[in-house]
Structures are given as structure tokens and as C-alpha cells.
Amino acid sequence: MTLSAPAALSPAAKLSGRAFYESIGSPKKIVAPMVDQSELAWRKLSRRLGADLCYTPMLHARLFVTQEKYRNAMFDALDGHSNTDRPLIVQFCANEPDMLLQAAKLVENQCDAVDLNLGCPQNIARRGHYGSFLQDDWDLIYKLINNLHVNLSIPVTAKIRIFPSREKTLAYARHVLSAGAQILTVHGRTREMKGQQTGLADWKVIRFLREQLPPETVIFANGNILYHEDINRCLKFTGVDAVMSAEGNLYNPAIFVKPITYKEAIPVDCESMEELFPRVDRILREYFEFLKDTPAEASHSAAKSHLFRLLRPFLSQHTAVRAEVAAINRNSTIDDFRMITEHVEEIVRDLFADDNVKEKDIIRRSDQSSDQSGAEYKDVPYWRVQPYFRPVNGQILFGGKRPLEEDKNDNEERKEQKKT
Ligand SMILES: Cc1cc2nc3c(=O)[nH]c(=O)nc-3n(C[C@H](O)[C@H](O)[C@H](O)COP(=O)(O)O)c2cc1C
């Protein structure tokens, strides 16, 4: 990929806001930008399972422009391919308007829009002065977005976090939109809500923004999507155009599998159980087939974390597989992933050879429910992919309410999450 000089374009020549959103098919179910996790192989799997728009992982604009090795590892000719990876929004973090523009120019023919990350709360973002730490520098945000709005041939979008005050959040949203952002993704957590302090995303603030901003503003809601039915619930509660999921999608890529029905809850009968909570052997095989055909470094370096997440409850029961996943390193080959996939298939085949398992292969409604979304919790057998409830202050809580026991996978997984 070679660098090209930016050509000035009239913003009027580009599709804006709702017209742009409609031009990419009015997506409702969106895979979030995720460092080292929303790479090509994963996006292909997610699209096959119902996602109708995907974001790339956050790319570092300066590294993308100045380091060819980084650029080629993160984004190659297959990313944003018209037959297999669209619609696609490429996300960058940046704090230099011209560097961001140069980076965006390098991908403008391989995606539908470029997104500015204004949400990353990690220390690395504090040190690098990007992500949510730009929340303190509204002038710079304006320049970053407006430079793309004026000079890029495709639309610019932005993903923000909320402030503790909803009025300030509204003023901030208006500022980001006035700079030229054509879609606003709102992650309903503040910058402080990370790690052990993550807690629930605030859908009420997102609804407030929806009510206050003009109807032509396209808004995506992000946060608290753990089950497929949460998508309907969130759309209904907030009134926004679409719902974005990160962790829900990673632990169960079939979270988007059904069309949006606006029904309160989907009854989990036998047929929908396999659709909504697929068996780990099936999902792993589908993922493996995409991984095998995706040579990009980004897809292979992401694979270990994907396996830990997909197989999370399964690994507690089958520690030999856990050891195989833990042993994956940068020298691992596709045959190592094939071997793990076949091992999991063999175990599940043996499990289902026993008629007793069939009786246990049901989703039970749990007696807990969350306060805000009204979601019903479910007990899902360990051989099926399922949401993960994050540790909060040493305990694993669901929606801030439901303590579960921490298990051995957490250490391995924490190591993986540190990388992201
Ligand atoms: C592994 C991982 C990587 C992430 N990387 C990014 C990123 O590159 N850019 C970004 O804007 N947000 C990133 N996020 C945040 C998510 O996009 C999302 O805003 C957040 O996880 C809340 O959504 P959720 O409740 O559906 O998980 C990441 C989240 C996870 C779990």
C-alpha cells in the first residue's frame, strides 16, 4: 500500500447522515471495533451469523501511516473486500488531524466510512492522548473530524463515551456532530467505567440523546447487550437506529443471528437454542474454516483470545483443551488450531453419544433479572457458547447484581485481555 496525497472534496458531494446509513443497508446489528478481536476472520464469522455492519479494530493512525509493517499486518487487500467484508467502518485513534487524514486516505477505497475512536479509556490512551482522553480537548476533536469531513471521499463517524452529566454529554454529542460526524455511536459508560469499575451502561442517557438530537441524526447504542433479545430491548428503550455489541459478540458470535422482531423475548425452543446458543464444536469449526482462509497476521494473532472466549465454560470442564489453547504462541500454525477444533469436536461428539446429555441440553430461565434492560438470565449448558459475566470487585456479577464464582479460566483470560 503506497501513500497518496489527500485530494480536497466538497462535503456536499458525499452522502450524509441518514442517506449514508440507508446506502449501507440500514444496519441494525453491529460488531464493535475491538483491538485484536474484530479482525477479518472474526468479521466473516459474525457476518455469516447475522451481523450487518462491522468495525475494524482500532488502528493507530500514526503507526498506520509511518510503519509499513504495522499497516500490512493490520489491514490488507482482503480487508473491506466488496464481496466478503462490507459494509465496513475502519476505526482509527489519532490526535494529529493531518496524520489521521493520511491514514484514512489509505483505506478510503476499502471501506464505507472512517470512525474516530473517542472512547478508549486505557492508560495507553491516556499516555498517547487519544480515545476518551480527547474528551478534554474539544477543539482538537473538531479538527480531527472536520479535516476528514472536508477532505475524505467517504463519511466520517465517531464513537464516544458519555460524561457523568447528561447535559454535558448532549453538548459533546452536538459538538462531535457539528464537526461533521455522520453517525454517532454512544457507549453508555463514562471514561471511569472500565476494568473492575465497568458496571452497567446507561441506556437512559442514550435515550435522552435520541430525544434531544434531530431525527435525521443516526445513533448507534453500545453497552449491555448479552443476549440476542437485548438488541430488541435496547432499540425499543433508546429509540436509536442500531445496536453495537463487543463482548456479547465475542462470547457468542450468534448473538445477531435472528432478524430484529421487536418482540420482548424470543422463546428458546429446541430449534432456536441451536441458533441462539450454538454448540461450541459447530462454532469452532465455522471459525476455523474462516481462519484457515484468512492469511492476514491480524486474524492469526487474534485467534487465541477468540478461543478462550468461545470456549470459556467448556475449558473449565476439559482442562486438556485449556492447556492446548494456553500453549498457542506466535509460532503456532493453522494445524495447531485444526487439532484443537478436532479435539473439541471429538469431546462434544462423545458427550452427545450419551443419551443423558440430551436431557441436560436445555436452556433454563434463571430467576434473576437485570434492573435496566429487564433481561431474563439463562443457564446455558457448558457445551454451548454463552455470555460472560465480568468480575467486579473480585466477584463476577451479572448486571451488577448476580455474583458468580470466579473460575480458573479467569487468570488465562485476564492475561489475554491485558493484551487488548
Ligand atoms: C477486546 C475488546 C477490544 C476493544 N477494542 C476497542 C477498539 O478498538 N475501539 C473501540 O472504540 N472500542 C473498543 N472496545 C470497546 C467496545 O467497542 C465497546 O465499546 C465496549 O466493550 C462496550 O460494549 P459491550 O458492552 O458490548 O462490550 C473494545 C472492547 C473489547 C472487549
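Reference entry: report on the structure contained in this document.

Procedures and definitions
Residues numbered from 1 in each chain as written. Predicted model: local features only at pLDDT ≥ 70, side-chain atom pairs only at ≥ 80, totals over all residues. Heavy atoms only, no water. Helix = DSSP H or I, 4+ residues; strand = E, 2+ residues; numbered from the N terminus. Buried < 20%, exposed > 50% of the residue type's maximum accessible area, 1.4 Å probe, protein only. Contact = heavy atoms within 4.5 Å. Areas by Shrake-Rupley, 256 points an atom, 1.4 Å probe, with all protein chains shown as cover. Lys, Arg positive; Asp, Glu negative; His and termini not counted. Salt bridge = Lys/Arg side-chain N within 4 Å of Asp/Glu carboxyl O. Polar contact = N/O pair within 3.5 Å; in protein donor to acceptor, adjacent residues only side chain to side chain. Near = heavy atom within 4 Å. Nonpolar A, V, L, I, M, F, W, Y, C, P; charged D, E, K, R; others polar. Disulfide = S-S within 2.5 Å. Core = buried A, V, L, I, M, F, W, Y, C linked by side-chain atoms within 4.5 Å. Axes fitted to C-alpha atoms, helices over the stretch in contact; angles between N-to-C directions. Parallel < 35°, antiparallel > 145°, perpendicular 65-115°, else oblique. Left-handed = near helix turned anticlockwise from the far one by under 90°.

1. A few points about the overall build of the protein chain
Thought 1: Counting its regular elements, the protein chain contains 19 helices and 13 strands.
Thought 2: Within the protein chain, the proportion of its 420 residues that are buried is 57%.
Thought 3: Relative to all contacts within the protein chain whose residues are 6 or more apart in sequence, the contacts with residues 24 or more apart total 69%.
Thought 4: Summed over all atoms, the accessible surface of the protein chain reaches about 17,500 Å², with 49% contributed by carbon and sulfur.

2. Focus on unusual backbone geometry
Thought 1: A cis amide bond links Arg-86 to the next residue, Pro-87, at an omega of -5 degrees.
Thought 2: As for its placement among the helices and strands, Pro-87 is situated in the loop between helix H4 (68-74) and strand E4 (88-93).
Thought 3: Positive phi values are uncommon outside glycine, yet Asp-36 reaches one of about 60 degrees.
Thought 4: Inspection of the secondary structure assignment puts Asp-36 in the loop between strand E1 (29-31) and helix H2 (40-48).

3. Considerations on the side chain of Arg-189
Thought 1: Tracing the chain through its elements places Arg-189 in the loop between strand E7 (181-187) and helix H9 (203-212).
Thought 2: For the buried Arg-189, no salt bridge exists, and the shortest N-O distance to an oppositely charged side chain is 6.9 Å, to Glu-247.
Thought 3: A polar contact is formed between the side chain of Arg-189 and the backbone oxygen of Thr-198, at a distance of 3.4 Å.
Thought 4: Looking at Arg-189, its side chain comes within polar contact range of the main-chain oxygen of Gly-199, at 2.9 Å.

4. Section: the site of the ligand
Thought 1: Close to the ligand lie 19 residues; Val-35, Gln-91, Lys-159, Asn-222 and Ala-246 are nearest.
Thought 2: At 2.8 Å from a nitrogen atom of the ligand is found a side-chain nitrogen or oxygen belonging to Gln-91.
Thought 3: Between the ligand and Asn-222, the relevant distance is 2.5 Å, taken from an oxygen atom to a side-chain nitrogen or oxygen of the residue.
Thought 4: Computed on the free molecule, the ligand has an accessible area of 610 Å², of which 86% lies beneath the protein chains in the complex.
Thought 5: Residue composition of the shell around the ligand, by class: 6 nonpolar, 9 polar and 4 charged.

5. Notes on the state of the cysteines
Thought 1: All chains considered together, the criterion is met by 0 disulfides.
Thought 2: No disulfide involves Cys-54; its nearest neighbouring cysteine sulfur is the one of Cys-111, lying 13 Å away.
Thought 3: Residue classification places Cys-54 among the buried positions, given a relative accessible area of 0%.
Thought 4: The thiol sulfur of Cys-120 is not disulfide-bonded, and the nearest other cysteine sulfur, from Cys-93, lies at 7.5 Å.
Thought 5: Given the relative accessible area of 13%, Cys-120 is considered buried.

6. A look at the nonpolar core
Thought 1: Residues Phe-92, Val-176 and Leu-311 are the most contacted members of the largest nonpolar core, which totals 114 residues.
Thought 2: Tyr-227, Met-273, Leu-276 and Ile-363 belong to the second-largest nonpolar core, a separate cluster that totals 8 residues.

7. Structural notes on the packing of helix H14 (residues 297-310) against helix H16 (residues 319-326)
To describe two helices that pack against each other, one gives the angle between their axes and the distance between the axes.
Thought 1: Contact geometry of H14 with H16 gives a least axis separation of 10 Å together with a crossing angle of 160 degrees. Taken together, the axes of H14 and H16 lie roughly antiparallel to each other. Between H14 and H16 lies a crossing of left-handed hand. Of H16, the residues touching H14 (which contributes Lys-304, Leu-307 and Phe-308) are Arg-322, Val-325 and Ala-326.
Thought 2: Residues of the contact of H14 with H16, tallied by class, amount to 4 nonpolar, no polar and 2 charged.

8. A word on the pattern of salt bridges
In a structure, side chains of opposite charge can pair up when their charged atoms sit close to one another.
Thought 1: Under the definition given, this model contains 26 salt bridges.
Thought 2: The salt bridge involving Asp-361 is made with Arg-384; its shortest N-O contact spans 2.8 Å. Of this pair, Asp-361 sits in the loop between helix H18 (355-360) and strand E10 (364-369) while Arg-384 sits in the loop between strand E11 (376-379) and strand E12 (391-392), placing them 23 residues apart in sequence.
Thought 3: Under the relative-accessibility criterion, Arg-384 is labelled buried at 3%.

9. Some words on the side chain of Arg-191
Thought 1: Along the chain, the position of Arg-191 falls in the loop between E7 and H9.
Thought 2: At 3.1 Å, the side chain of Arg-191 and the backbone oxygen of Ser-132 are in polar contact.
Thought 3: Discounting residues that sit within four places of it in the chain, Arg-191 has contacts with Pro-121, Ser-132, Phe-133, Gln-135, Asp-136, Arg-161 and Ile-162.

Interpretation in functional terms is not warranted from these geometric data alone.
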